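Structural description and commentary
One letter stands for each residue in the lines below.
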Amino acid sequence: MKYILVLFIIVFFVGATGHAIGQSDEFSVFSKKGEVQLQKGGKGASAALKVGDKLSAKDRITLKSGAIVTLYHNKLKKSIEIKKAGSYTVSALSADLQKKKGYSDRFKDYVLTEMTASNNLFSSGQDDNLNTMGSVDRNINIGGTENRLENLSGADKDVRFAIAALADELAESNGNMIMVKMPRSTFVADNELEFSWYERKGSGVYELRIVDEGNKQVYSKKLHNSYITVNLDEAKLEKGRTYYWYVADGDYKSNQDSISRLAEHDAASLEALVGDIDYSDMSPLEKVNLAAYYEDINIMNRAVKIYEDVLKDYPDSPEFRKLYARYLVRIGLFAEASKISNVTENK
């Protein structure tokens, strides 16, 4: 059975200049770290390469030691990351990329869309093409079983999101409440999962509780921290079932969110698709594409890990920070998104 999975290839446009990609533009500069020089036409004076620059075949870029640049090929729909110091012609980079079996080749059947470069976290290029991230196909056939992904992950700005977002803001300022942070309602493919929540002022001991669909408690753990990593097998959470988790502190209880462990055949199908990907060899743009894929099938912890890994490598990239902030908005973590966004605006 054909697997229909949605992958977002991010294309960066510079709205301020109104510059359209012309036929001669080979690459767009998506991110840059360190000193990189651009020589237009391969001759004459060089200038500092900037994010959003369009590179033509005859252009030349030069990386100093320690510099890293990520380029997106506008026709091949592939990205390339250059880490080695030296001088490169755009035509040579394009030729090398055509020979490479890259990430977008492997997932060529995924639906492609673009993401706007707007600084408004509440507007997205997705909204112009898809009403929600999963509007193309939210019924994903995994392992021959049709699973309706009733997730809270897409860009569907419904009442649940608005309430959760407001509650998050109140939770950080009101010590009389406990609010869960992560994971929000999600599917889980891994055996270990980190749970986190906002601290309550004056709290002594928190108790993480996990209950089944009949509200029977299947796991509990008392701790002083506001986070814990749980081995789901050891906690006896069965695969293919949905559970609900919350945090208690005396008479105070948090809201509940669900975690649904993938059934064995679903987990095997997912592993067949992504298990042999060489993560270390992926460009940062390819990594955020993978994060968008995990978001669409609502495996939240994997999406978050990828975004955070990319930001560790590119802490000064406003583009990657913007992508992560928008994801946090989509899952209702407005306070965290605001923090990421404020860093972006101050760069």
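Note that the structure is a prediction, hence the values are computed from the model and not measured.

**Topic: the side chain of Arg 184**
Along the chain, the position of Arg 184 falls in the loop between β11 (180-182) and β12 (186-188). Overall, Arg 184 belongs to the buried group, its relative accessible area being 3%. Of note is the side chain of Arg 184, whose polar atom sits 2.9 Å from the backbone oxygen of Lys 181. Within the structure, the side chain of Arg 184 is placed 3.5 Å from the backbone oxygen of Ile 331, a separation counted as a polar contact.

**Brief notes about the sheet that holds strand β8 (residues 86-89)**
Read from one edge to the other, the open sheet built from 4 strands follows the order β3-β2-β5-β8, with strand pairing classed as antiparallel. Across the chains shown, the open sheet's two edge strands, defined by having one partner strand only, are β3 (47-48) and β8. Of the strand pairs in this sheet, strand β2 (residues 36-39) and strand β5 (residues 60-63) are connected by 4 bridges, and their pairing is antiparallel. Directly across from Gln 39, in β5, lies its bridge partner Arg 60. Running over the sheet, helix α1 (residues 90-99) touches β5 and β8 and is turned about 75° from β8.

**Description of the packing of helix α6 (residues 284-296) against helix α8 (residues 318-330)**
Orientation of α6 relative to α8, taken along the N-to-C sense of each, is 5°, at an axis distance of 12 Å. Classified by the angle their axes make, α6 and α8 are roughly parallel. From α6, Pro 284, Leu 285, Val 288 and Glu 295 reach across to α8, where they touch Phe 320, Leu 323, Tyr 327 and Arg 330. Grouping the amino acids of the contact of α6 with α8 by side-chain chemistry returns 6 nonpolar, no polar and 2 charged.

**A short note on the environment of Val 36**
Following the sequence through the fold, Val 36 ends up in strand β2. The exposure class of Val 36 is buried, given its relative accessible area of 1%. Along the chain, Val 36 and Ala 47 lie 11 residues apart, while their C-alpha atoms are 8.5 Å from each other. When near neighbours in sequence (up to four residues on either side) are disregarded, Val 36 contacts Ala 47, Ala 48, Leu 49, Ile 61, Thr 62, Leu 63 and Ala 67.

**Things to note about the confidence of the model for the chain**
Caution is warranted with low-pLDDT regions, since their predicted coordinates should not be read in detail. Chain-level pLDDT for the chain is 74 on average; 69% of the residues reach the 70-or-more range. Contacts from residues 1-23, a stretch scored under 50 in pLDDT, to residues over four places away or in other chains number 71 contacts.

**What to know about the pattern of salt bridges**
Across all of its chains, the model carries 13 salt bridges by this definition. A salt bridge links Glu 336 to Lys 181, with the shortest nitrogen-to-oxygen separation between them at 3.8 Å. Pair noted here: Glu 336 is in helix α9 (residues 334-345) and Lys 181 is in strand β11, with a separation of 155 residues, a long-range link. Among the residues examined, Glu 336 registers a relative accessible area of 15% and is labelled buried.

**Focus on helix α5 (residues 264-274)**
For an α-helix, 3.6 residues make a turn, and residues three or four places apart therefore share a direction. The set of residues buried in α5 consists of Asp 266, Ser 269, Leu 270, Leu 273 and Val 274. Taken around the axis of α5, the buried residues stretch over an arc of 115°, which confines them to a single face. Within α5, the exposed residues directed more than 90 degrees away from the buried face are Glu 264 and Ala 272.

What counts and how
- Residues numbered from 1 in each chain as written.
- Predicted model: local features only at pLDDT ≥ 70, side-chain atom pairs only at ≥ 80, totals over all residues.
- Heavy atoms only, no water.
- Helix = DSSP H or I, 4+ residues; strand = E, 2+ residues; numbered from the N terminus.
- Buried < 20%, exposed > 50% of the residue type's maximum accessible area, 1.4 Å probe, protein only.
- Polar contact = N/O pair within 3.5 Å; in protein donor to acceptor, adjacent residues only side chain to side chain.
- Pairing = 2+ DSSP bridges.
- Contact = heavy atoms within 4.5 Å.
- Axes fitted to C-alpha atoms, helices over the stretch in contact; angles between N-to-C directions.
- Parallel < 35°, antiparallel > 145°, perpendicular 65-115°, else oblique.
- Nonpolar A, V, L, I, M, F, W, Y, C, P; charged D, E, K, R; others polar.
- pLDDT = per-residue confidence, 0-100.
- Salt bridge = Lys/Arg side-chain N within 4 Å of Asp/Glu carboxyl O.
- Arc of directions from axis to C-beta.

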